[in-house]
Structures are given as structure tokens and as C-alpha cells.
Amino acid sequence: MTETRLTFCSLCESFCGLEVDVKDNRIADIRPDPEHVVSNGYVCVKGTRFDSVQHSPDRIIEPMKRTGDKWEAISWEQALDEIAEKIRSIIDRDGPQAFGNFVGAPGGANLMSPIFRGEFYKGIGSSRMYGTGSCDTTNKFRVNGDMYGSAMRLAYPDVDHTQFMMILGANPNVSGNTLYHLPRSRDRFAGIIERGGRVVWINPRRVESARTGEHFFIRPDTDVFFLAAFCNEIFRRDALDHELIARTMKNVDDLKEAVADWTPERQAEVTGITADALLELVDAYLAADGAALNMATGVNQGRSGTLCYWLLESISAITGNFDRRGGNLIGEGIIDFALQAKDDPVLKLGFHRSDDLPTVSGQQPAAMLADDILSGEVRGLFVEASNPMLAVPNPGNRLEHALGELELLVSIDWFRNETGNLAHYILPAATWMERPGMPYALQSFVGCTPTPYLYAADKVLDPPPGVREEWWIYTRLADKFGVTLMGSPMFSGILKLAARLTGTRLGFINVPKMLISGMLKQSGQPNFKSMLKDHPHGLRLPDNPGNNFLGTDRVLTDDALVDLGPPDFVAAFKERVEPLFDDERANLDKMKLIGKREIKRMNTSSANSPRLVKDKTNYAYISPVDAQRLGLAERDYVDVSSPLDSITLPVRITDEMMPGVVAIPQCWGHQKADGLPHAQQHPGVNSNFLAGDGYANVEKLSGMAHLSGIPVDMVRSDRIASA
Ligand SMILES: Nc1nc2c(c(=O)[nH]1)N[C@H]1C(S)=C(S)[C@@H](COP(=O)(O)OP(=O)(O)OC[C@H]3O[C@@H](n4cnc5c(=O)[nH]c(N)nc54)[C@H](O)[C@@H]3O)O[C@H]1N2
Ligand SMILES: Nc1nc2c(c(=O)[nH]1)N[C@H]1C(S)=C(S)[C@@H](COP(=O)(O)OP(=O)(O)OC[C@H]3O[C@@H](n4cnc5c(=O)[nH]c(N)nc54)[C@H](O)[C@@H]3O)O[C@H]1N2
Ligand code: SF4
Ligand SMILES: [Mo]
């Protein structure tokens, strides 16, 4: 019998509502849920074709152990006993910091895993946690901490009420957006224009999203000069809300002084945005009745992501566009996660490393992983829901060598990906179809969304018998190490017992449901059961009216004032921005490399889906101007080189690209993926061989990797002629 079940897609932050037809524990069809309270029938092809991932014949469904290059299936008890023994021997010899964790993007979408991962590592005394958060967004969490007092006080643009919105370095129509919830982004941006407002895209590529609104090319990694000049122009015009600043903020003079040298003309020398264009944008921003700003991954991945976000938030704050309807708002989740995160030993800003690089929102810099292993500081590593081999800077593929040096490498994954290939064990994890859940913390607990809502879903499918959820893995290990979870011996005992009994006839406690229910109940919301029964398409919560943050105790700095001039940012701006500007001016004729997200690919993880990936390779996208200069025709091969490595791939020529910029879709390069046969036959090349890792290439304030705006040389390839 076919049954229709409701859930939400967990592949990207749109969390679209889905209707799934299930027959004999297999997906028969996936459709958008037209009644979902926010996504409203919106969906993309990655969601509707998820069956090709879910039912892939290549999925790992039992724990696997590698000896040499041979893999064998083993029992969970054997796997966890052997792994625990190796962890113990590493900790006994080198201390707990020698045993680390690396979590990928899907780990963030999982509500349970971060809680249990954090508890386990805290319990054994290791803060050696890395993740691809330092490839997309730790700069924002750093800014939130310094300006608002907690990493999780995260503002979002009030898209549905704004009259002017400027977006730097994002492409929500393809990415599904990041850090605030925006399914149906195209309609929502069109709504701004229908209301008589404006949408402005600042991007080195005329992206799909920019079909709605206006677009300005910007040279990659120069946003800091644009934003500094934008901010300075506001000071010059004295377009400040002085009363609000005096009452709710501090250190405005430090901000003013920092940006004082940045004129519209000066930024125009390197950004490609003319002085007149900038001035007109400032006019429009100030004139709008509610103006919102947003920046995302493309800017975060530059060399000044933290400074850019500081400037962006400050522009919003000083002009009175912060904490007002139509501007940028601070949401309220069903619990005050930001308050909890403020002093949380895992989530608060920490300096746990032997160098001075920070741990931001629980993550050390991913771009330090190879160095930390090769220096002997890390001897054992769990990689959860990630594929660092392709995702992080990996110059000349040195990460392969580094990971090979580990005494213990465990991959917790659905598949044996390129990183899993190097592991000693692979532990098979449940998919989001196989576990109960709620949209991730920023949605549910931080309220980072213009359309607040609650959603809970039960599992849609039963996992294969040998597959487990991440919380279970960490809880079983906590049991073996005598770690008390959640600070309560009694509750910890219940959790461990539940884990021990999972998979047996007595496994009747469903831990995720119990915890989600508890959180809902504590916050006065319907419990898990009634969410499913009474609100199967989600429960829409009241809109954020604004005017509920500034001047209140929700500002979590010591004096409850927003800090417009955090000393570390002011000092870094003074020290770094001028030399960066000189560097830009000296290299204006150099090509710069950026990434490109594609609608059918989710980072490294859709590569093995025959229903999603048909191309055998990725391409280097360049403008006709550069094609002519380099004598290239469509699909000719080019060598793209940085000082670190060189890759060869075919070009596509499009006037979407700014001259002087090459975009290469990242997270390809599956030549060695013998656990992913379709991916291996459609390999492409890994652009992150060109990116730099190590101390010199890490943004010092936030640990962000430098993945966008990398200077490269391009020449026609004499290795391969044409595709
Ligand atoms: N040049 C360049 N490089 C980039 C980027 C860029 O823009 N440019 N983007 C960066 C960004 S933002 C990110 S986040 C990273 C992405 O890289 P990663 O964070 O590593 O994420 P994915 O490649 O999506 O996922 C890796 C693995 O997670 C597994 N997986 C999926 N869901 C689950 C789950 O629920 N549980 C478990 N245990 N496993 C699961 C998949 O099978 C897959 O093998 O790449 C970064 N790399
Ligand atoms: N289809 C699909 N969806 C995804 C993913 C995926 O791989 N595929 N990955 C998911 C993940 S992990 C994340 S973090 C989110 C990211 O979601 P977004 O933040 O929307 O990221 P991107 O789509 O990479 O958009 C970044 C944009 O920045 C531009 N850019 C590059 N450098 C610069 C610069 O220096 N300045 C400016 N102003 N712009 C620049 C690029 O041209 C690009 O359009 O997407 C998620 N959704
Ligand atoms: S936009 Fe696509 S990938 Fe993202 S949640 Fe919706 S269906 Fe899933
Ligand atoms: Mo990401």
C-alpha cells in the first residue's frame, strides 16, 4: 500500500515542505507540499529527486573497516570498541586535544547531532572541533559576538517588508539562501519591486537571482572598500540616527574614524563600482522607508569577511535601519539560543589552539587541518557529514597526505566519499528521511526568518537495520568513556540506556522525539505529537514587528549596548585594509577565481546521483572580453594556475561574468571516488587545489578560509585542446 507522508527537505536552508509517497519502505514519489506554511509548494529538483540518493546502491548500510585497501563490514559493537580503544590510546599518549572532529554542512541541519557531539567532546576534554562553517560563515558569528554579545544574535533582512534591499555575494535562487530562511526567494524579491522598492545585487557574476532587480559587477574580494566608502558617505552626510545611537550603541567614533579615508572615488579604483553608482545607492538606501542589507558566502570567503560584516551591520545600525520593520531584524526563536550560546564553553569565542587563531561558534579553522595533522597536534579525527578532501583549501592535494598520517580517521556518512576512502572506519548514518526532526537551530531557536514558523516531522522511512543516527553514535561512545551527558547523571543514564536498547525489542524511547518534545513544551509550544497531528504543514508564528532589540537586555554585551567599534575589528581594519588596497591596485590586470553553485549539485554530495549529474566535468566561466584576450573559444581547455597548483578544464564564455573574473563550480574532482561510481565517471576538477591553506591564508578574526577572489593565471592549455 502506498502511503503519503509529510516532511521537510533538509538539503539546504529552505527546508521545503514535501509530500512523500512511500511503498514498502521505499520512496515512490516526492512532491512539494502546497500547504506548507512558508514554502507553500516551492521545491527544487534536489528535493524531488532525493530518492536517487536515498536508494542509491552505493549507500553504506553497515559499519565498514579498512585494512590496506580492503573494506569489510563489521558489527557496531566491534566498530565502536575498536574506535574507542584507539581514541583512548591517542588521548593517553597525546592528550584529548589530539582527538578532533570535523563537521560538514549537513551536520548543521541536524538538530540532534550538534548537541551530542558537543557533549561527548566536552566530556573527554577536547575542543579540537573543525568544520566547514569556517568555509562559509564563521565571520558572521564572530561579528555577532563582538557587536551584540553572542554569536547567535544573528540579524536577517526583513525581505517581505523592505523597500530597498542590497545583497552582496549571495545567489539565493540557486542556493536556497543561507543563515536566514527564504524559500521562494524569487517571488519574495519580486514582491519588493511590486511594492515599488528596489533590489540591488552586488556580485562579480550576473547571477540567476539578479534577474529580479538591478545588478552591479564588483571585483571579487573588494567589498570591504565598497562598504567602507558606503559607510563613510553616511557619516559625511551625517545621515545618522543620533538619538538611537546615543541611547543604544557605543564606540561610533571609532567606526567613523576607521572609514574616514574611504571615498566613493577611492573604492572605484579597485571595485569596478563607479563613484556615481555608489552615491546613488547611498541616496536610495537612505531614502527608503525601511532598507535592508545582506551579504553572504561570496563575501564571507574573501580576506575581509569579518570586517565586511561589521561594516554592513554598522551601516544598518547607525542609519536606524536596524531593529525596524523593513530593515534588518533580530528574531526570537522558541528558546533564547543566543543567550544560552553566550557563555557556552563550546559555542563562545575561544582561543584553544597553540597559535592565536580563534574558535568561532565551536569551530577551529578548516584551513588549518592539514597543518595541524602534519605538525602532530591531531592524531585522531572523526569526520561527520563532510568531505574536506574536496571542500576545503587543499593546495596540491596535501590534505590527502595529511589525512593519511592519522592513526584514526572515522567518517560518519551515507557514502564512502573521497575522505571516507582514507578512513579506517566508516559509520553509516541515517538520512533526514530516516529520522525525526525540526528545521535547524537558526530557524527554530534563533528565529532567523522573515516568516517565523515551527515544523516537526517524524521519520518517513525506516533506516536499514545497520544504520544509526549521529546522536546514537556519540551517546554510545560517551557510555564507553563514562562521559556524563547534559550535566545530569540521571538524564545521561536514560539517554545511554535508550542508545543501548536502540535496535532491540526494548528500544522504545525515541530520544530525538523526547528532546524535541521537551524543548517545545518548555517554550510553551505544542509538543511533538500535536505538531504532527494538529500542524502537519507547520505552525506559522507571529511576524517580527521590530523595535524589540536595541535598548533591551536582548543585547548581550556587558553594558547592553551594541558595539559599533569592537577594538579587534578597528585594529584589524587599520592594519590590513590599506595594504590590501595597495595589493589590489598593483594586481588589477590579474584574473580572480570565484566559485559557482549549481542548482543540481549540493556541495560534494549530489555528485553520485545519476538523476542530478549528467555533465562529465565542471567548466571555467569567463567573460567574452577575457575569451578574446586569451584567444579562447567555447569549450577550449585552459590551465588555471595559482602559485600552489594548476588545473585544466574547458571554458564556457558568458557575459554573465565580469571581465577579469573566472568562476569554477567548486566541490568537483571525483577521480578517486571509487565508492561513488557515477561521480567517478563524471569527475570534473577540484578548484580548491588552487586555494591556500595554513596560517597565512586564514582570516585571523574568524578563522575563515580564503575560497573566493583567489588571484590566478589563465592560459590556453596545451595539455588538452578542446572538449
Ligand atoms: N571553492 C569553494 N569551496 C567551497 C565552497 C565554495 O563556495 N567555494 N563552499 C564551501 C562550503 S560553504 C561548504 S559548507 C563546504 C561543503 O562541504 P561539506 O560541508 O563537506 O558538505 P557536503 O559536500 O555537502 O557533504 C559531505 C558529506 O555529507 C554526507 N551527508 C549528508 N547528509 C548527512 C547526514 O545527515 N549525516 C551524515 N553523517 N552524513 C551526511 C554526504 O553523503 C557527503 O558525503 O564546501 C566549501 N567549499
Ligand atoms: N544548489 C546548491 N545549493 C546550495 C549549495 C550547493 O552547493 N548547491 N550549498 C549550500 C551551502 S553549504 C551554502 S553555505 C549556501 C551558500 O549560499 P549563498 O551564500 O547564496 O552562496 P553562493 O550561491 O555560493 O553565492 C555566493 C555568491 O557570491 C558571489 N561572489 C563571489 N565572490 C564575491 C565577492 O568577493 N564579492 C561579492 N559581492 N560577491 C562574490 C558569487 O558569484 C556567488 O554568486 O548554499 C547552500 N545551497
Ligand atoms: S530548495 Fe531544494 S534543496 Fe533546498 S530545501 Fe528546497 S527542495 Fe531541498
Ligand atoms: Mo556552506
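Reading the values: the criteria
- Residues numbered from 1 in each chain as written.
- Chains lettered and ligands numbered in written order.
- Predicted model: local features only at pLDDT ≥ 70, side-chain atom pairs only at ≥ 80, totals over all residues.
- Heavy atoms only, no water.
- Near = heavy atom within 4 Å.
- Nonpolar A, V, L, I, M, F, W, Y, C, P; charged D, E, K, R; others polar.
- Salt bridge = Lys/Arg side-chain N within 4 Å of Asp/Glu carboxyl O.
- Helix = DSSP H or I, 4+ residues; strand = E, 2+ residues; numbered from the N terminus.
- Buried < 20%, exposed > 50% of the residue type's maximum accessible area, 1.4 Å probe, protein only.
- Arc of directions from axis to C-beta.
- Contact = heavy atoms within 4.5 Å.
- Axes fitted to C-alpha atoms, helices over the stretch in contact; angles between N-to-C directions.
- Parallel < 35°, antiparallel > 145°, perpendicular 65-115°, else oblique.
- Left-handed = near helix turned anticlockwise from the far one by under 90°.
- 1 Å grid on protein atoms, 1.4 Å probe; cavity = no way out; pocket = protein on both sides within 12 Å on 5 of 7 lines; lining within 4 Å.
- Points joined across faces, edges and corners; volume = space filled by probe spheres on them.
- UniProt positions renumbered as here; feature names shortened; annotations may be inferred.
- Core = buried A, V, L, I, M, F, W, Y, C linked by side-chain atoms within 4.5 Å.
- Domains from an automatic or database assignment.
- Pairing = 2+ DSSP bridges.
- Polar contact = N/O pair within 3.5 Å; in protein donor to acceptor, adjacent residues only side chain to side chain.
- Areas by Shrake-Rupley, 256 points an atom, 1.4 Å probe, with all protein chains shown as cover.

Undergrad: Account for the site of ligand 3, with residues named and values stated.
TA: Around ligand 3, the neighbouring residues are Cys9, Leu11, Cys12, Ser14, Phe15, Cys16, Tyr42, Val43, Cys44, Lys46 and Gly47. Looking at the shell around ligand 3, its residues break down into 8 nonpolar, 2 polar and 1 charged.

Undergrad: Could you give an account of the pattern of salt bridges, with specific residues and numbers?
TA: Across all of its chains, the model carries 58 salt bridges by this definition. Put simply, arginine 611 and aspartate 51 hold a salt bridge, and the shortest N to O gap is 3.0 Å. Here arginine 611 is found in the loop between strand 21 (591–594) and strand 22 (620–622), whereas its partner aspartate 51 is found in helix 2 (residues 51–54), with 560 residues between them in sequence. Residue classification places arginine 611 among the partly exposed positions, given a relative accessible area of 37%. Residue glutamate 634 is joined to arginine 652 by a salt bridge in which the shortest nitrogen-to-oxygen separation is 2.8 Å. Placement of the pair is glutamate 634 in the loop between helix 27 (624–630) and strand 23 (637–641) and arginine 652 in strand 24 (residues 646–653), with a sequence separation of 18 residues. Taking relative accessible area as the criterion, arginine 652 reaches 23% and is therefore assigned partly exposed. One network of salt bridges, with partners in common, ties together Glu77, Asp81, Arg476, Asp479, Lys480 and Arg500.

Undergrad: Quick one: what's the story with helix 13 (residues 264–271), residue by residue and with numbers?
TA: Each α-helix turn comprises 3.6 residues. Residues three or four places apart therefore point the same way. Of the positions making up helix 13, those classed as buried are Pro264, Arg266, Gln267, Val270 and Thr271. Within helix 13, the buried residues cover an arc of 160° as seen down the axis, which keeps them to one side. Turning to helix 13, the residues buried within the fold contact helix 10 (223–236), helix 14 (275–287) and helix 26 (567–586). A positive backbone phi angle near 90° is found at glycine 272, which sits one or two residues after helix 13.

Undergrad: Give me the packing of helix 10 against helix 12 (residues 252–259): which residues, what numbers.
TA: How two helices sit against one another is set out by the angle between their axes and by the gap between those axes. Where helix 10 meets helix 12, the axes come as close as 9 Å, and the angle between the chain directions of the two elements is 120°. As summarised for this structure, helix 10 and helix 12 are arranged oblique, according to the angle between their axes. When you trace helix 10 past helix 12, the crossing you get is left-handed. Of the residues in helix 12, those in contact with Ala228, Cys231, Asn232 and Phe235 of helix 10 are Val252, Leu255, Lys256 and Val259. Residues of the contact of helix 10 with helix 12, tallied by class, amount to 6 nonpolar, 1 polar and 1 charged.

Undergrad: Any details on the layout of surface pockets? Residues and values, ideally.
TA: Estimates place the volume of the second largest pocket at around 450 Å³. Surrounding the second largest pocket, 22 residues form its lining, Lys459, Pro463, Glu469, Thr502 and Gly503 being those nearest its centre. Mapped onto the lining of the second largest pocket, the elements with two or more residues apiece are helix 22 (470–481) and helix 24 (511–522). Across the lining of the second largest pocket, the residue classes tally to 12 nonpolar, 5 polar and 5 charged.

Undergrad: Describe the UniProt feature "domain: 4Fe-4S Mo/W bis-MGD-type" (unreviewed entry) in the protein chain, naming the residues involved and giving the relevant values.
TA: UniProt marks residues 1–58 with the feature "domain: 4Fe-4S Mo/W bis-MGD-type" (unreviewed entry), using the numbering shown here. Secondary structure across residues 1–58 divides into 14% helix and 34% strand, with the first and last C-alpha atoms of the span separated by 27 Å.

Undergrad: Now, about the nonpolar core: what can you tell me, with residues and values included?
TA: Of all hydrophobic cores here, the largest spans 174 residues; its most connected members are Phe226, Trp310 and Phe573. For this core, the element with the most residues is helix 10, which contributes 10 residues. The residues that make up this core include at least three from each of domain 1 (158–323 + 549–568) and domain 2 (590–716).

Undergrad: I'd like a rundown of the sheet that holds strand 4 (residues 64–67), residues and numbers included.
TA: Neighbouring strands of a sheet are bound in pairs by backbone hydrogen bonds; such pairs are parallel or else antiparallel. Spatially, 5-4-17-16-15-6-7 is the arrangement adopted by the 7 strands of the open sheet, whose pairing is mixed. The two strands at the open ends of the sheet, each matched to only one other strand, are strand 5 (70–73) and strand 7 (129–131). The average angle at which neighbouring strand axes cross in this sheet is 20°, direction not considered. Where strand 16 (residues 408–413) and strand 17 (residues 425–428) come together, 4 bridges link them in parallel fashion. Residue serine 411 lies in a different strand from strand 17, and its bridge partner there is isoleucine 426. With respect to the sheet, helix 5 (residues 113–124) is in contact with strand 6 (99–103), strand 7 and strand 15 (380–384), its orientation differing from that of strand 6 by roughly 165°. Docked against the sheet, helix 22 engages strand 6, strand 15, strand 16 and strand 17, running at close to 155° with respect to strand 15.

Undergrad: Please set out the environment of isoleucine 167 residue by residue, giving values where relevant.
TA: If you trace the backbone, isoleucine 167 turns up in strand 9 (residues 164–168). With 48 residues separating them along the chain, isoleucine 167 and histidine 215 place their C-alpha atoms 9.6 Å apart. Setting aside residues no more than four positions away along its own chain, isoleucine 167 makes contact with Phe189, Val199, Val200, Trp201, Ile202 and Asn294.

Undergrad: How would you explain the sheet that holds strand 2 (residues 17–23) if you had to name every residue and give the values?
TA: Taking strand neighbours across the sheet as the criterion, the 3 strands line up as 1-2-3 in an open arrangement whose pairing is antiparallel. Edge positions in the sheet fall to strand 1 (3–8) and strand 3 (26–32), since each has one partner strand and no second. The average undirected angle you get between the axes of adjacent strands in this sheet is 30°. Where strand 2 and strand 3 come together, 6 bridges link them in antiparallel fashion. The partner of valine 20 across the bridge, within strand 3, is isoleucine 30.

Undergrad: Can you tell me about the site of ligand 2, naming the residues and giving the values?
TA: Ser175, Asn203, Asp221, Thr297 and Arg601 are the nearest of the 31 residues found near ligand 2. Between an oxygen atom of ligand 2 and a main-chain N or O atom of asparagine 603, the distance comes to 2.7 Å. Protein burial of ligand 2: of its 920 Å² of free accessible surface, 94% is covered by the chains. Counting only elements with at least two residues in the shell around ligand 2, the list comes to helix 8 (172–175) and helix 15 (297–300). Of the residues forming the shell around ligand 2, the biggest block, 3 residues, is contributed by helix 15. A breakdown of the residues in the shell around ligand 2 according to their chemical character gives 14 nonpolar, 9 polar and 8 charged. The residue makeup of the shell around ligand 2 includes at least three contributed by each of domain 1 (158–323 + 549–568) and domain 2 (590–716).

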